[in-house]
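Residue-level structure breakdown
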Amino acid sequence: MIVDCIILSHAKTAQLHDLTQATIDSCHASDKDVQFNILVLEQEPNVIYRDCITGFVKGEFNYNKFMNLGISLTSNKYVCMCNNDLVFGKDWATNIIAAMKENELLS
């Protein structure tokens, strides 16, 4: 199973960069049955993260606009919109998708 994850970030400091990178690392380590395609939409130019695709956005922060842009760049059935300060729990994606299927939920 593949899940696209979109993370919004504005790494104005090294600490904020590290926070986002920790979220990326936590996501990849969280669920062995899921492949995560992570897209970070970053407002700070020239900031790069490991184990994801980094895209750059300009302009005043607009959560919905940036997330909609991220969604337009995804291609898998499941998309997760994430804050950049998350710590993902074990098997979170597998459990959420199973509950969605069991209860016939779309989101």
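Refer to the preceding data block for the structure.
What you are looking at is a predicted structure, and each value in this text was computed from that prediction instead of being measured.

Considering the overall build of the chain
If you tally the helices and strands in the chain, you get 3 helices and 4 strands. In terms of principal-axis extent, the alpha carbons of the chain reach across some 40 × 25 × 15 Å. The buried share of the chain, taken over its 107 residues, is 38%. With the model as given, the accessible surface of the chain reaches about 6700 Å², and the carbon-plus-sulfur share is 54%. Side-chain charges of the chain comprise 8 positive and 13 negative groups, with the mean position of each set lying 3 Å from the other.

Topic: the layout of surface pockets
Estimates place the volume of the largest pocket at around 380 Å³. When contributions to the lining of the largest pocket are tallied by element, the ones reaching two or more residues are strand 4 (78–82) and helix 3 (92–102). When residues in the lining of the largest pocket are grouped by element, the largest group, 6 residues, is from helix 3. Considered class by class, the residues forming the lining of the largest pocket number 11 nonpolar, 1 polar and 2 charged.

A few points about the state of the cysteines
All told, the structure shown has 0 disulfides when counted by the stated rule. Unpaired in this structure, Cys27 has its nearest cysteine sulfur neighbour in Cys5, at a distance of 3.9 Å. Take Cys27: its relative accessible area is 1%, and that puts it in the buried class. Unpaired in this structure, Cys82 has its nearest cysteine sulfur neighbour in Cys80, at a distance of 3.4 Å.

As for helix 3
Looking at helix 3, one finds that the buried residues are Trp92, Ala93, Ile97 and Met100. Buried residues of helix 3 fall within an arc of 120 degrees about the axis and therefore sit on the same side. In this structure, the buried residues of helix 3 make contact with strand 1 (2–9), helix 1 (14–30), strand 2 (35–42) and strand 4. Just past helix 3, the residue Glu104 takes up positive phi, approximately 55 degrees.

Here's the deal with the pattern of salt bridges
Considering all chains together, one arrives at 2 salt bridges under this definition. Between Arg50 and Asp25 there is a salt bridge; the shortest N-O distance is 3.1 Å. Taken together, the positions of Arg50 in the loop between strand 2 and strand 3 (53–56) and Asp25 in helix 1 put the pair 25 residues apart, joining distant regions of the chain. Of the charged contacts, one joins Asp91 and Lys90 as a salt bridge, the two residues approaching to 2.9 Å between their closest N and O atoms.

Cut-off values and rules
Residues numbered from 1 in each chain as written. Predicted model: local features only at pLDDT ≥ 70, side-chain atom pairs only at ≥ 80, totals over all residues. Heavy atoms only, no water. Helix = DSSP H or I, 4+ residues; strand = E, 2+ residues; numbered from the N terminus. Buried < 20%, exposed > 50% of the residue type's maximum accessible area, 1.4 Å probe, protein only. Areas by Shrake-Rupley, 256 points an atom, 1.4 Å probe, with all protein chains shown as cover. Lys, Arg positive; Asp, Glu negative; His and termini not counted. Charge placed at Lys NZ, Arg CZ, Asp CG, Glu CD. 1 Å grid on protein atoms, 1.4 Å probe; cavity = no way out; pocket = protein on both sides within 12 Å on 5 of 7 lines; lining within 4 Å. Points joined across faces, edges and corners; volume = space filled by probe spheres on them. Nonpolar A, V, L, I, M, F, W, Y, C, P; charged D, E, K, R; others polar. Disulfide = S-S within 2.5 Å. Arc of directions from axis to C-beta. Contact = heavy atoms within 4.5 Å. Salt bridge = Lys/Arg side-chain N within 4 Å of Asp/Glu carboxyl O.

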